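What the coordinates show
Below, each chain spelled out in residue letters.
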Amino acid sequence: MEHYNMNLTLKVWKQKNSNSKGSFETYPVKGISSEMSFLEMFDVLNEQLISSGKEHIAFDHDCREGICGACSMYIDGRAHGPWSKNTVCQLHMRAFKDGDTIVVEPWRAAAFPVLKDLVVDRSAFDRIIQAGGFISVNTGNAVDANALPIDKKDADTSFNAASCIGCGACVAACKNSSAMLFVSAKVSQLALLPQGKPERESRVLNMVAQMDKEGFGNCTNTYACEAECPKGISVANIARMNREYLKAGLSTES
Amino acid sequence: MGLTGLFLISFLIIHVGVNSCIFLNDGGETFNAVAHFMSHNWILRFLEIGLFAALILHIVQGLVVWKQNSAARPVKYAVNAPGANSKWYSRSMGLLGTLLLFFLIIHVSKFFLDTKIALYADGGAHDASHNLYAEMKAEFQKWWVVVIYIIGVISLFWHLIHGFQSAFQTLGINHKRYTPLIKIIGIGYTVIVCLLFALMPVAFYAGWIN
Ligand code: HEM
Ligand code: SF4
Ligand code: FES
């Protein structure tokens with residue numbers, strides 16, 4: 001695609017901290033290259049803001065290559081913007097044209113309070129992982145990789161679930177702010193493997209309990225999460241977690 | 001939600017089946033006979049209590065889900081494009097259910113209560129002469145009753161287009177081969193049941209059956 005430059009109008013959510021009430025601010029940005037990423041466009045804007053003595057816009061980012069899940073922005077009504085299976089750092093400005101007005105908001109969920117501007121607190125996800133997203137292993141030498149036979153299909157399904165980067169787009173896009181896709185990916189990746197079997201029942205019960213405690217909503221199977229997930233995590237994982245949960249709830253041990 | 005929803009779905013099969021007897025166009029003879037059997041069989045009377053329990057439970061679950069889910073996003077998006085990632089009816093189950101509830105209140109107070117009054121008032125003196133078919137026919141001469149029923153059926157249609165497959169996912173059933181099949185059966189079920197239900201008031205109103 002041919003390179004072009006564009007002038008844009010940005011409407012960005014500005015909020016001082018989690019206790020203050022935020023509002024939208026309008027910023028004109030000029031001479032943005034179609035080859036830039038959305039975050040680089042923000043870098044240009046922030047440089048301009050800083051050099052003119054104004055406050056910059058705070059946003060989360062880290063890897064800038066689509067693997068860490070930090071870059072969380074709700075762009076023009078979509079989690080991570082107009083492209084599907086994509087993160088904001090991998091969203092390129094060629095998705096927009098000259099003269100566009102772009103509205104950028106933080107993830108909206110009671111469980112993800114806004115810390116500043118576009119930055120939200122996603123530690124609720126960490127606490128869900130702490131509640132059961134682990135396996136117990138004996139210390140000592142690492143076991144031989146082929147010591148445990150694993151069905152190729154299970155290995156692949158587990159690997160796909162494990163590709164969740166914890167970005168929270170599923171929660172952001174869900175009308176119920178439900179975290180079921182994230183939690184089910186974390187439950188599935190371990191439930192499918194022999195290493196995950198010892199804590200299988202307590203894991204799903206504890207992680208779901210923590211999820212509810214954090215104030216995420218209930219899943220009503222709209223499947224918006226799957227459509228907006230940058231890693232294409234399947235809602236089949238949610239069904240698997242429901243299965244795991246029912247089984248664990250019915251078993252006498254837990 | 002899944003279990004109660006599926007129970008209500010299975011009830012609707014019986015309900016639409018019995019009511020479809022009116023299409024035999026025999027002056028309601030078959031329909032009245034089946035309806036009489038349904039209201040006098042004690043097993044069915046027992047199931048009827050279960051039906052009301054399931055419906056009430058389903059509504060209570062729906063309200064709880066709705067309340068918790070509204071609380072999960074206190075600040076809404078200024079700009080939102082949910083149509084890009086999900087179907088409108090999957091996001092409108094509460095609204096569709098509420099429309100259904102209003103319809104059901106009207107529906108039950110018309111036909112169900114009249115049948116019960118005939119059964120029990122004055123020691124069942126009106127039971128033998130109670131003609132549900134004639135009552136249906138009379139009700140469906142009024143255009144506004146027909147309109148209310150059509151609105152009810154349309155709400156049911158969209159509620160079930162999402163609800164049927166959704167119930168299976170909730171119960172943990174999602175399978176490469178069977179889920180597409182469940183979706184097709186769900187659409188087939190919904191289209192057939194809703195079409196038959198919608199035809200009943202329309203057929204009486206238009207005089208196709210009498
Ligand atoms: C004939 C009547 C009805 C049938 C057959 C029916 C069936 C269903 C089914 C199968 C589901 C999906 C369950 C799941 O995904 O686990 C559902 C969900 C739901 N129903 Fe009903 N329903 C009926 C009436 C009602 C009524 C009267 C309400 C009233 C308030 C209601 C409110 C809801 C709500 C709020 C959900 C939400 C769950 C979601 O968003 O997926 N339903 N229903
Ligand atoms: S499931 Fe997808 S959308 Fe949700 S946190 Fe993981 S990668 Fe992000
Ligand atoms: S910055 Fe790491 S995924 Fe975007």
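Glancing now at the overall build of chain B. In terms of helices and strands, chain B carries seven helices and zero strands. Beginning at the N terminus, the succession of helices and strands in chain B can be written as α-α-α-α-α-α-α. C-alpha atoms of chain B, sized along the principal axes, occupy 60 × 40 × 35 Å. The buried share of chain B, reckoned over its 210 residues, is 40%. Summarising the internal contacts of chain B: among those between residues at least 6 apart in sequence, 77% fall at separations of at least 24. Looking at chain B as shown, the accessible area adds up to about 11600 Å², and 75% of this sits on carbon and sulfur atoms. For chain B, the centre of its 13 positive side-chain charges and the centre of its 8 negative side-chain charges are spaced 28 Å apart.

Bringing the domain arrangement of chain A into the picture now. Residue and element names in this part refer to chain A. For chain A, the domain assignment lists domain 1 (5-105) and domain 2 (123-250). Spacing between the C-alpha centres of domain 1 and domain 2 amounts to 30 Å. Both faces combined, the contact of domain 1 with domain 2 buries some 870 Å², and carbon together with sulfur accounts for 54% of it. At the boundary of domain 1 and domain 2, one finds one salt bridge. For the salt bridge of Arg 78 with Glu 228, the shortest nitrogen-to-oxygen distance reads 2.8 Å. Between the two partners, domain 1 and domain 2, sit two residue pairs in polar contact (both at pLDDT 80 or more). In terms of residue class, the side of domain 1 that touches domain 2 is built from four nonpolar, six polar and two charged.

Calculation criteria
Each chain has its residues counted from 1, following the order in which its sequence is written. As a convention, the first chain written is A and the first ligand written is 1, with the rest following in written order. Thresholds applied to this predicted model are a pLDDT of at least 70 for local features of residues and 80 or more for the giving and counting of side-chain atom pairs; totals over whole chains, interfaces and linings are not thresholded and use all residues. Hydrogens are left out, water is left out, and the side-chain values use all remaining heavy atoms of the structure. Going along the chain from the N terminus, every DSSP run of H or I of four or more residues is numbered as a helix, and every run of E of two or more is numbered as a strand. Type-normalised accessible area, obtained with a 1.4 Å probe on protein chains alone, sets the label of each residue: buried when under 20%, exposed when over 50%, and partly exposed for intermediate values. Contact definition: two residues touch when any of their heavy atoms are within 4.5 Å. Surface accessibility follows the Shrake-Rupley procedure with a 1.4 Å probe radius. Residue values consider only the protein chains on display as shielding. Charge counting treats Lys and Arg as positive and Asp and Glu as negative, with His and both chain ends excluded. Every charge is mapped to an atom, namely NZ of Lys, CZ of Arg, CG of Asp or CD of Glu. Either an automatic procedure or a domain database provided the assignment from which the domain bounds are taken. When two components associate, each loses some accessible surface as probed by a 1.4 Å sphere; the sum of these losses over both components is called the buried area. Salt bridges, as used here, are contacts in which a Lys or Arg side-chain nitrogen is within 4 Å of a carboxyl oxygen on Asp or Glu. As used in this structure description, the phrase polar contact means that two N or O atoms lie within 3.5 Å; if the pair is within protein, one of them must be able to donate a hydrogen and the other to accept it, and residues adjacent in sequence are counted only when both atoms belong to side chains. Polar here means any residue outside two lists: the nonpolar Ala, Val, Leu, Ile, Met, Phe, Trp, Tyr, Cys and Pro, and the charged Asp, Glu, Lys and Arg; Gly therefore counts as polar.

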